[in-house]
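Close look at the chain arrangement
The primary structure of each chain is shown beneath.
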Amino acid sequence: MSGPAPLQHRAVFLVVGLDLERAGAVSTEVQRVLRRLGIEPEVVRRAGIVCFEGEMNMVLYTPGGRVILLVYDDRVELIFSDQGPGIPDVELARQPGYSTAPVWAREMGFGAGMGLPNMEANADHLEIRSRPGEGTVIRAVIRRRRDEVSGGGGGAGV
Amino acid sequence: MKLREVAELVEARFLAGGDLAEREVSTAFAADLLSDVLAMVREEGVLLITGTVTSQVVRVAEVMSLAAVLFVRGKLPAKPIVDYAAQAGIPLLATSRTMYEACGLLWTRGLPPAKRKPLPFEHERSSSPPT
């Protein structure tokens, strides 16, 4: 085979900011779609975790946005885009433990500063583009390794 | 260990998924911080022991394919959360034991800790319950 891997499936999901009741619903739906497509369980698991972290970030910090799911022969991509406040210092935000979460988010069990590091740990590639005052776009790539026996969930940690 | 045995050991009752009492849990993880659950647990079929009762606990359980959730300290999630867990097939148990007590009881009966991400400053040491 040569050339780029063909796109198998594309879906768009809307995330509503501050909607705590439904927070996480997109991630469970993404996993449902991936399972239906017969994607490897380890990839479904990692995509679910990446999606959940991205979705929670959107719910906690932005008025909302969308998640685009792209399924290719060789990888799953998740693209998160929002119209939130943006991340002033992306390198700082990637550091484990760095958090700007408000108290109410911490009381819910979030805001430990592990979101972006955990997305990084479960994705094979993570790109973050952010402009303060305009929003953030995150692209996560999870490679499909069909010949591999499922191992620990993504990476050796951060 | 079966969920039924977990319930007996920590004197818990089923809030949802009572029909799944024969489900096996292989390992357990305890935390109130969902961020830690998401970042550390590296396997499926885990029993989550927590005092956090928000709807996100069930979402996390679903996303991570956890076997069940055991709520400690007498904390109870709201009914819509219980209903969602029931339809999502996530058994929920509740005990008035503290997290320390629940973990201690399950640990001494041989329920091992979940496989997880290596922690900072972690050195070689035993992570198996006594036999």
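Residues numbered from 1 in each chain as written. Chains lettered and ligands numbered in written order. Predicted model: local features only at pLDDT ≥ 70, side-chain atom pairs only at ≥ 80, totals over all residues.

Further remarks concern the overall build of chain B. Within chain B, the regular secondary structure consists of five helices and five strands. Ordered by position from the N terminus, the helices and strands of chain B form the series α-β-β-α-β-α-β-α-β-α. Taken over C-alpha atoms, the radius of gyration comes to 14 Å for chain B, in line with the 14 Å a tight globule of 131 residues would show. Oriented by its inertia axes, the alpha-carbon framework of chain B measures out at about 45 × 30 × 25 Å. Within chain B, contacts between residues separated by at least 24 positions form 52% of all contacts whose residues are at least 6 apart in sequence. (Helix = DSSP H or I, 4+ residues; strand = E, 2+ residues; numbered from the N terminus. Rg over C-alpha atoms; globule rule 2.2 N^0.38 Å. Contact = placed C-beta atoms within 7 Å.)

Let's shift gears to the interface of chain B and chain A. Each side of the interface is counted separately: chain B has 20 residues, and chain A has 20 residues. Among the residues forming the side of chain B that touches chain A, the class breakdown is seven nonpolar, six polar and seven charged. (Nonpolar A, V, L, I, M, F, W, Y, C, P; charged D, E, K, R; others polar.)

This part covers the sheet that holds strand β2 (residues 27-30) of chain B. Residue and element names in this part refer to chain B. Strands sit in the order β1-β5-β4-β3-β2 across an open sheet of five strands; the sheet is mixed. The strands lining the two open edges of the sheet, one partner per strand, are β1 (13-16) and β2. Each adjacent strand pair in this sheet contributes to an overall mean axis angle of 25°, direction not counted. As defined by bridge partners, β1 adjoins strand β5 (residues 92-94) across three bridges and the pair is classed as antiparallel. Across the sheet, the residue bridging to F14 is L93, located in β5. Along the sheet, helix α4 (residues 79-88) makes contact with β1 and β5, crossing β1 at roughly 85°. (Pairing = 2+ DSSP bridges. Axes fitted to C-alpha atoms, helices over the stretch in contact; angles between N-to-C directions.)

For the rest of this paragraph, the subject is the environment of A7(B). Residues and elements named next belong to chain B. Examined against the element boundaries, A7 turns out to sit in helix α1 (residues 3-10). A7 sits 86 residues away from L93 along the chain, and the two C-alpha atoms are 7.2 Å apart. Setting aside anything within four residues of it in sequence, one finds A7 in contact with A12, R13, F14 and L93.

In terms of nonpolar packing, the biggest core is built from 81 residues, with A47(A), V6(B), A28(B), L47(B), A68(B), V69(B) and L70(B) touching the most fellow members. Ranked by the residues each element gives to this core, the list is headed by helix α2 (residues 41-61) of chain A, at twelve residues. Ignoring anything within four residues of it in the chain, the contact list for A28(B) reads V46(B), L47(B), I49(B), L106(B), L111(B), P113(B) and A114(B). (Core = buried A, V, L, I, M, F, W, Y, C linked by C-beta atoms within 7 Å. Buried ≥ 20, exposed ≤ 12 C-beta atoms within 10 Å, placed from the backbone.)

For residues besides glycine, phi is generally negative; the peptide bonds are generally trans as well. All names here are of chain B. Even without glycine at this site, E11 takes up a positive phi of about 55°. Checked against the element boundaries, E11 lands in the loop between α1 and β1. Although it is not a glycine, S65 sits at a positive phi angle of roughly 50°. Within the secondary structure, S65 sits in the loop between α3 (55-63) and β4 (68-71).

For chain A, per-residue confidence averages 90 on the pLDDT scale, and residues scoring 70 or more make up 91% of the total. Every residue in residues 149-158 of chain A scores below 50 in pLDDT, and together they form 20 contacts with partners more than four places removed in sequence or on other chains. (pLDDT = per-residue confidence, 0-100.)

Packed helices, taken two at a time, are described by the angle between their axes plus the distance between the axes. All names here are of chain A. Look at α2 against helix α5 (residues 115-122): their axes get within 9 Å of each other, and the N-to-C directions meet at 160°. On the basis of the axis angle, α2 is roughly antiparallel to α5. Relative to α5, the crossing made by α2 is left-handed. Here R46, I49, V50, E53, G54, M56 and N57 of α2 lie close against α5, whose contacting residues are G115, N118, M119 and N122. Residue classes in the contact of α2 with α5 are distributed as four nonpolar, five polar and two charged. (Parallel < 35°, antiparallel > 145°, perpendicular 65-115°, else oblique. Left-handed = near helix turned anticlockwise from the far one by under 90°.)

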